[in-house]
Every structure is written in C-alpha cells, then in structure tokens.
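# Chains, contacts and geometry: an overview
Each chain, letter by letter, is given below.
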Amino acid sequence: MTRLLPWRHRPGRDGRAHSRTDYAGAVYGSLLAASVIAATGTVGKFPRLETVVLLLVTGLVFWAAHVYARLAGERSTGRSVDWSEVRRVGRSEWPIVEAAVLPAAAVGLSPLLGLGLSDTWWLALAVAVVQQVTWACLGALHAGASHRQAAVESAVNLLFGLVIVAAKAALGH
C-alpha cells in the first residue's frame, strides 16, 4: 500500500513529483473486504484458509472488473487500448486488491492470538472497517480538505462500516 501513502511521491512523465490523492480504490476495497467477511460463515474444513483465499480472490476479481470497466468506459471512439493504458489503469485500481491484504492477514494470524473462529471474523471485520475509515480520512486530508471535512468523510465511512457490522450481527455468525 505504499503507493497510497500521502508521503510517498512518484515522479510523473514530466519528471516532477506527483502525489496520489485518489483513495477510492482503497476505500472501496476495504468496504468490499468487510462485506466478504460479514457474509463468511464458519462452514468448511479450513474456514480461516478459505476466508483468506475468498478475500484475495474477491479483491482480484473486482480489480479486474474495475480495470475492464474503466478501459471500456473511458476509451475514445475509434481508438484501440494499448498495453501501457492497461498497465496504467491496472495500477490505479490495484488498491482494491491491496485493501484485502490486512483483513486476510488478520484471519491468517488469528490462531497466533488464540482467537476462535467467531472472534477471528470480528477481528477481520474491525480491521477492514478501520482501514476503510483511515483511507477515507487520509484521502480527504491529502486532497486538501479541512479537518472538519475529513472528519465528516470519516464518519460517513464509519457509518457504511457499521451497516456491514449490523448485517453480520443480524446474520448471527
């Protein structure tokens, strides 16, 4: 996730350092990971491993879908898409996949913390929601929003996360 961090600057084509202010993929990917965790039950022989795989595969599938949608949706009439464009869009959407890594790591490391399956899902869900709120706040601040606006954006993202938490609680697992 180092590409997303506000203190990480990459030189653009003009040689000047440009910083990234688009945190949408990280926020979206975190919300997606939280949704996957909320829907995950304890069914299966290896529920932790299956959840880690499900998180990462879901992130990859949604990443590919976003790349395709952007390439198809932003293409100019009569212009074919070249590989440099595919790579550019793929890199830009990659935070969707990266956002699945921390919740997956939480699931994978939960036995070392002595957590049962139910506590594992709640830990992973908390990690996903916290990173979603964090990315929203960092994105707002990095884009020049006031602290008040960043707090509002964080609160909205927390509300989204709490809706998923409520859904998980309602599902009873």
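Throughout this description, residue numbers start from 1 for each chain and increase along the sequence as written. Confidence filtering applies because this is a predicted model: local features only for residues at pLDDT of at least 70, side-chain atom pairs given and counted only at 80 or more, and all residues used for totals across whole chains, interfaces and linings. Where side-chain values are given, they derive from all heavy atoms of the structure, hydrogens and water being excluded.

Our next topic: the overall build of the chain. In this text, helices come from DSSP runs of H or I with a minimum length of four residues, and strands from runs of E with a minimum of two, each type numbered from the N-terminal end. A tally of regular secondary structure across the chain gives six helices and two strands. Summary of the burial criterion: residues with accessible area below 20% of their type's maximum are buried, those above 50% are exposed, and those between are partly exposed, where the area comes from a 1.4 Å probe applied to protein chains only. With 173 residues in all, the chain has 35% of them scored as buried. In the chain, of all internal contacts separated by at least 6 residues, the share reaching a separation of at least 24 is 70%. Only the protein chains shown count as cover for residues, and the accessible areas themselves come from Shrake-Rupley with a 1.4 Å probe. Of the roughly 9800 Å² of accessible surface on the chain, 66% is carried by carbon and sulfur atoms. The contact criterion used throughout is that any non-hydrogen atoms of two residues lie within 4.5 Å.

With that out of the way, let us pick up the nonpolar core. Counting 18 residues, the largest nonpolar core has Ala34, Ile37, Leu55 and Leu125 as its most contacted members. Listing elements by their share of this core, those giving two or more residues are helix 1 (24-39), helix 2 (47-74), helix 4 (95-109) and helix 5 (117-142). Per-element tally for this core: the top contributor is helix 5, with six residues. The residues contacting Ile37, other than those within four sequence positions of it, are Leu55, Pro103, Trp121, Ala124, Leu125, Ala128 and Lys168. Residues Ala26, Val27, Trp135 and Ala136 belong to the second largest nonpolar core, which totals five residues. In this text, buried Ala, Val, Leu, Ile, Met, Phe, Trp, Tyr and Cys residues form a nonpolar core when linked through side-chain atoms within 4.5 Å.

Here we take up a nonpolar patch on the surface. Like charges are joined within 9 Å and nonpolar side chains (Val, Leu, Ile, Met, Phe, Trp, Tyr) within 5 Å, but only among residues with over 30% relative accessible area and no salt bridge; these make up the patches. Here a salt bridge means any side-chain nitrogen of Lys or Arg lying within 4 Å of a carboxyl oxygen belonging to Asp or Glu. On the surface, Tyr28, Phe46, Leu49, Val53, Val57, Val61 and Phe62 cluster together into a nonpolar patch covering about 630 Å² of accessible area. A total of five residues in the nonpolar patch trace back to one element, the largest contributor, which is helix 2. Here Val57 shows up in helix 2. Residue class for Val57 comes out partly exposed when judged on its relative accessible area of 42%.

Because an α-helix completes one turn every 3.6 residues, residues spaced three or four positions apart along the sequence face the same direction. End to end, helix 4 covers 22 Å across 15 residues, agreeing with the expected 21 Å (1.5 Å per residue, within 8%). Listing the buried residues of helix 4 in full gives Pro95, Ile96, Val97, Glu98, Ala99, Ala100, Pro103, Ala104, Ala106 and Val107. Buried residues along helix 4 sit against helix 1, helix 2, helix 3 (83-93) and helix 5. Each residue after the first adds 1.5 Å to the expected span of a helix.

Angles here are taken between N-to-C directions and fall from 0 to 180 degrees, while the axes themselves are lines fitted to C-alpha atoms, restricted in helices to the stretch in contact. The contact between helix 2 and helix 3 brings their axes to 9 Å, and the two run at 130°. The orientation of helix 2 relative to helix 3 falls into the category oblique. In the packing of helix 2 onto helix 3, the handedness of the crossing is right-handed. For the pair helix 2 and helix 3, contact is made by Trp63, His66, Val67, Arg70, Leu71 and Glu74 and by Glu85, Val86, Arg88, Val89, Gly90, Ser92 and Glu93, respectively. Here the residues of the contact of helix 2 with helix 3 are counted per class, giving five nonpolar, three polar and five charged. The labels follow the angle: roughly parallel below 35 degrees, roughly antiparallel above 145, roughly perpendicular from 65 to 115, and oblique for the rest. Crossing handedness is read from the near helix: turned anticlockwise from the far helix by less than a right angle, it gives a left-handed crossing, and turned clockwise, a right-handed one. Residues are grouped as follows: Ala, Val, Leu, Ile, Met, Phe, Trp, Tyr, Cys and Pro are nonpolar; Asp, Glu, Lys and Arg are charged; all remaining types, including Gly, are polar.

As a further point, take the packing of helix 5 against helix 6 (residues 147-171). The interhelical angle for the contact between helix 5 and helix 6, taken along N-to-C directions, is 160°, at an axis separation of 8 Å. Taken together, the axes of helix 5 and helix 6 lie roughly antiparallel to each other. Here helix 5 runs over helix 6; the crossing is right-handed. Facing Trp121, Trp122, Leu125, Val129, Gln132, Val133, Ala136, Cys137, Ala140 and Leu141 of helix 5, the residues of helix 6 in contact are His147, Ala150, Glu153, Ser154, Asn157, Leu158, Phe160, Gly161, Ile164, Val165, Lys168 and Ala169. Across the contact of helix 5 with helix 6, the residue classes break down as 15 nonpolar, five polar and two charged.

Let's shift gears to the pattern of salt bridges. Tallied over the entire structure, the rule returns two salt bridges. The shortest N-O distance in the salt bridge between Glu93 and Arg70 comes to 2.9 Å. Taken together, the positions of Glu93 in helix 3 and Arg70 in helix 2 put the pair 23 residues apart, joining distant regions of the chain. Using a relative accessible area of 9% as the deciding quantity, one classes Glu93 as buried.

Nothing here speaks to function; it is geometry throughout.
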